[in-house]
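Letter by letter, the chains look like this.
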Amino acid sequence: MTELAFGGVAGQADAVRAGRISAVELTEQTLARIERWQPRLNAFTRVLATEALEQARALDAKQASGQPLGPLHGVPMAVKDEADIAGVPTTFGGAANTVAAKDDSAMVARLRAAGAVFVGKTALPEFGTWPFTESSANGYTRNPWDPTRSPGGSSGGSAAAVAAGIVAAATAGDGGGSIRIPAAWCGLFGLKPQRGRISTAPHRDLWRALGVLGVLTRSVADSALLYGVLAGGGATDRWQAPEIRFSTTEPERLLRIAVTTRTAVPFVRPAPECAAAVRDTAETLAKLGHHVEEFDPHYPDATAAFLPQFVGGIKEEADLVARPDLLERRTRAIAAFARVFTPEPVLRWAEERGERVAATVNRLFDTYDLLLTPVLPQLPLPVGQLDGVGVPRALLRSLPMTAYTALWNVTGNPAAAVPAGFAPNGLPLSIQLIARPNAESTILSVAAQLEQARPWAEHWPV
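Residues numbered from 1 in each chain as written. Predicted model: local features only at pLDDT ≥ 70, side-chain atom pairs only at ≥ 80, totals over all residues. Heavy atoms only, no water.

Participant: Explanation requested: the overall build of the protein chain in the structure shown.
Facilitator: Broken down by element type, the protein chain carries 15 helices and 13 strands. The C-alpha radius of gyration of the protein chain comes to 20 Å, within 12% of the 23 Å expected for a compact globule of 462 residues. Taking all 462 residues of the protein chain together, the buried fraction comes to 61%. Partitioning the contacts of the protein chain with sequence separation of at least 6, the portion at a separation of at least 24 is 78%. When the accessible surface of the protein chain is totalled, it reaches about 17,200 Å², and 54% of it is carbon and sulfur. (Helix = DSSP H or I, 4+ residues; strand = E, 2+ residues; numbered from the N terminus. Rg over C-alpha atoms; globule rule 2.2 N^0.38 Å. Buried < 20%, exposed > 50% of the residue type's maximum accessible area, 1.4 Å probe, protein only. Contact = heavy atoms within 4.5 Å. Areas by Shrake-Rupley, 256 points an atom, 1.4 Å probe, with all protein chains shown as cover.)

Participant: How should I be thinking about the layout of surface pockets in this particular structure?
Facilitator: Within this model, the largest pocket holds a volume of roughly 590 Å³. Forming the boundary of the largest pocket are 29 residues, of which Val265, Phe306, Leu399, Thr402 and Ala406 lie nearest the centre. Of all the secondary structure elements, the ones that give two or more residues to the lining of the largest pocket are α10 (303-318) and α13 (391-398). It is α10 that contributes the most residues to the lining of the largest pocket, four residues altogether. Looking at the lining of the largest pocket residue by residue, the class counts come to 18 nonpolar, ten polar and one charged. (1 Å grid on protein atoms, 1.4 Å probe; cavity = no way out; pocket = protein on both sides within 12 Å on 5 of 7 lines; lining within 4 Å. Points joined across faces, edges and corners; volume = space filled by probe spheres on them. Nonpolar A, V, L, I, M, F, W, Y, C, P; charged D, E, K, R; others polar.)

Participant: Before we go on, may I ask you to explain the packing of aromatic side chains in this structure?
Facilitator: The description of an aromatic ring pair rests on the distance of the ring centres and on the angle between the ring planes. One pass over the full model with this rule turns up eight aromatic pairs. When the centroid spacing of 4.7 Å and the interplanar angle of 35 degrees are considered together, the rings of phenylalanine 337 and phenylalanine 341 count as tilted. Note that phenylalanine 337 and phenylalanine 341 are positioned in helix α11 (residues 329-341) at a spacing of four residues, about one turn of the helix. In this structure an aromatic cluster arises from ring pairing among Trp207, Phe306 and Phe310. Across the ring face of tryptophan 239, the terminal group of arginine 195 is positioned such that the distance to the ring centre comes to 5.4 Å. (Phe/Tyr/Trp six-rings, centres within 6.5 Å; stacked < 30°, edge-to-face > 60°. Lys NZ or Arg CZ within 6 Å of the ring centre and 35° of its normal.)

Participant: Just to check I follow, could you spell out the pairing of strand β3 (residues 117-122) for this structure?
Facilitator: Along a regular strand, successive side chains alternate from one face of the sheet to the other. β3 sits mainly inside the fold: six of its six residues count as buried. One ladder, built from three bridges, connects strand β1 (residues 44-47) with β3; its direction is antiparallel. Across the sheet, residue phenylalanine 44 finds its bridge partner in β3, namely threonine 122. Remark: the strand β2 (residues 76-80)/helix α5 (residues 106-113)/β3 crossover connection has right-handed handedness. (Pairing = 2+ DSSP bridges. Right-handed = clockwise from strand over helix to strand, strands pointing away.)

Participant: In this structure, what is going on with α10? I would like to understand it.
Facilitator: Given 3.6 residues per helical turn, the α-helix brings residues three or four places apart onto the same face. Taking 1.5 Å per residue as the helical rise, α10 with its 16 residues ought to reach 22 Å, and the 22 Å between its terminal C-alpha atoms agrees with that figure. For α10, the tally of buried residues reaches twelve of 16 residues, placing the bulk of the element in the interior. Among all positions of α10, only Ala305, Phe306, Pro308, Gln309, Phe310, Val311, Gly312, Gly313, Ile314, Lys315, Glu317 and Ala318 are buried. Where α10 is buried, its residues contact α11, α12 (344-361), α13 and α14 (407-411). (Expected span 1.5 Å × (residues − 1).)

Participant: Got a minute to help me understand the packing of α10 against α11 in this structure?
Facilitator: Helix-helix packing is characterised by the crossing angle of the two axes and by the distance between the axes. Packing of α10 against α11 brings their axes to within 8 Å, and their N-to-C directions diverge by 110 degrees. The orientation of α10 relative to α11 falls into the category roughly perpendicular. Residue-level contacts link Val311, Gly312, Ile314, Lys315 and Ala318 of α10 to Thr331, Ile334, Ala335, Phe337, Ala338 and Arg339 of α11. (Axes fitted to C-alpha atoms, helices over the stretch in contact; angles between N-to-C directions. Parallel < 35°, antiparallel > 145°, perpendicular 65-115°, else oblique.)

Participant: Sorry if this is basic, but what is going on with the UniProt feature "domain: Amidase" (unreviewed entry) in the protein chain here?
Facilitator: Per the UniProt record, "domain: Amidase" (unreviewed entry) is annotated on residues 25-444. Within the segment residues 25-444, helix and strand shares are 35% and 15% respectively, and the terminal C-alpha atoms sit 32 Å apart. (UniProt positions renumbered as here; feature names shortened; annotations may be inferred.)

Participant: Is there a simple way to explain α5 in this structure?
Facilitator: Listed as buried for α5 are Met107, Val108 and Leu111. Considered in projection along α5, the buried side chains sweep an arc of 95 degrees and stay on one side of the axis. The secondary structure elements touched by the buried residues of α5 are β2, β3, β6 (169-174), β8 (212-217) and α8 (220-230). Once α5 finishes, glycine 115 follows within two positions and takes phi at roughly 105 degrees, a positive value. (Arc of directions from axis to C-beta.)

Participant: Explain a nonpolar patch on the surface here, please?
Facilitator: Taken together, the side chains of Phe337, Val340 and Phe341 define a hydrophobic patch exposed on the protein surface, amounting to about 310 Å² of accessible area. If you trace the backbone, valine 340 turns up in helix α11. (Patch = residues over 30% accessible without salt bridge, like charges linked within 9 Å, V, L, I, M, F, W, Y side chains within 5 Å. Salt bridge = Lys/Arg side-chain N within 4 Å of Asp/Glu carboxyl O.)

Participant: Mind showing me how you'd approach the nonpolar core here?
Facilitator: Side chains of nonpolar character tend, in soluble globular proteins, to be buried together. Counting residues in hydrophobic clusters, the biggest one holds 132 residues, and the most contacted among them are Leu72, Leu111, Phe189, Leu372 and Trp408. Excluding residues that lie within four positions of it along the chain, tryptophan 408 makes contacts with Arg180, Lys192, Tyr299, Val361, Phe365, Leu371, Asn413, Ala415, Gln432 and Ile434. (Core = buried A, V, L, I, M, F, W, Y, C linked by side-chain atoms within 4.5 Å.)

Participant: Please explain unusual backbone geometry as it appears in this structure.
Facilitator: For the bond running from glycine 153 to serine 154, omega is 10 degrees, close enough to zero to count as cis. The omega torsion of the bond from alanine 201 to proline 202 falls at 20 degrees, within 30 degrees of zero and hence cis. In this structure, proline 202 sits in the loop between β7 (189-192) and β8. The phi torsion at tryptophan 207 lies on the positive side, around 55 degrees, for a residue other than glycine. Its place among the elements puts tryptophan 207 in the loop between β7 and β8. Residue class for tryptophan 207 comes out buried when judged on its relative accessible area of 8%. The backbone of arginine 208 shows a phi angle near 60 degrees, a positive value even though the residue is not glycine. Residue placement: arginine 208 occurs in the loop between β7 and β8.

Participant: It is not clear to me how the pairing of strand β12 (residues 415-422) should be interpreted in this structure. Could you clarify?
Facilitator: Counting buried positions along β12 gives six out of eight residues, so the element sits mostly inside the fold. Of the strand pairs in this sheet, β7 and β12 are connected by three bridges, and their pairing is antiparallel. Pairing of leucine 191 across the sheet is with alanine 416, part of β12. Two strands pair when backbone bridges link them, and β12 and strand β13 (residues 428-435) are joined in this way by six bridges, in the antiparallel orientation. In the sheet register, proline 419 faces β13, and the bridge partner there is serine 430. Counting the residues in the hairpin turn of β12 and β13 gives five residues, including glycine 426, whose phi is positive at 90 degrees.

Structural data, given as structure tokens:
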């Protein structure tokens, strides 16, 4: 059971297609792992046992009848509680929305069509606002490697569920680092795709130009498989990315890779373990033949582009809930601020400012194929980071967490958290790879080389 639980998306789909296990049996095993781990991790806001078993039975019947099977046939997955599953409330991590969604979101619909089985919705801070998965409605979500520590956020419930082997993959979203931060703290591979790569429907966008949807997995190949299923915009999406092929094959040539531990935020410096992970990765890439060199970037200030879209996006989502009186105090304060200080002209200006920042930053990709940095300046912090604090202190605690990640939401570039071993205290280490626009496959190919050079999926927090 444990071997299959950590067998990955492709491994589980192969097992079901080959008849070594049925979709129902695999779903039952997954539900049993939720029952075992949920009291310890609090990764789920809602378990969909009845609905999942019904899905699995239908998939088994489909297989028995000889119909064509999707690439995710029978694979249990978790869905971050910001994406709609028909018939289930989308809570956005809080208590204010209790109305069941009428339809699947575009992301969920594509996964369902590919054969995925949805076993539950995963926790996030309300509206994904913070890089710690804590909320008044759902409490703390905990890190499988050390339950006294945070899994990060905002996709912390998804990360905890995948890292613990409850599911092989879970959906996620990233508006300032919310795929990469929990991937880093939970020892997972987490790719933030290019802006516009995956449809955000039924929403036109996600936090204006900042947010993208994606997945968390243990392996690079599983992420490539899932992004191949999910890629493609819809008619209502504001952002559209050109079609690409998601490949983990080795690069056609040796790459030029810039390395830096400098952040885009003044006075934030990486912990020794985080800086060492970058140096070790640079050495590994050089041994693989790539040209690796130190780079001292002078990042433009992206605050004026990021902050209005951040608070404006939260306000727009808060306006959708059925019970605004049940919003968290911090959320109400951010929404009230946004209504006064970020009207539509300000938001459009912030988006335009972001495009100017992107034009400046992307000049480095005239010389380099990839940029290698830390994901985070510190190892996983204890849970309770948001206890008793208002918006100003929560922002101050969150700022260092996004020092390496938020810039790439402003620019829209693809970026990924890649496991990089373990610190002396046993907690995961991670590095970030950033590529030029629409070059997800460059990241995937190099991440796959790193995965082969120093396998990480064999390490389990159990």
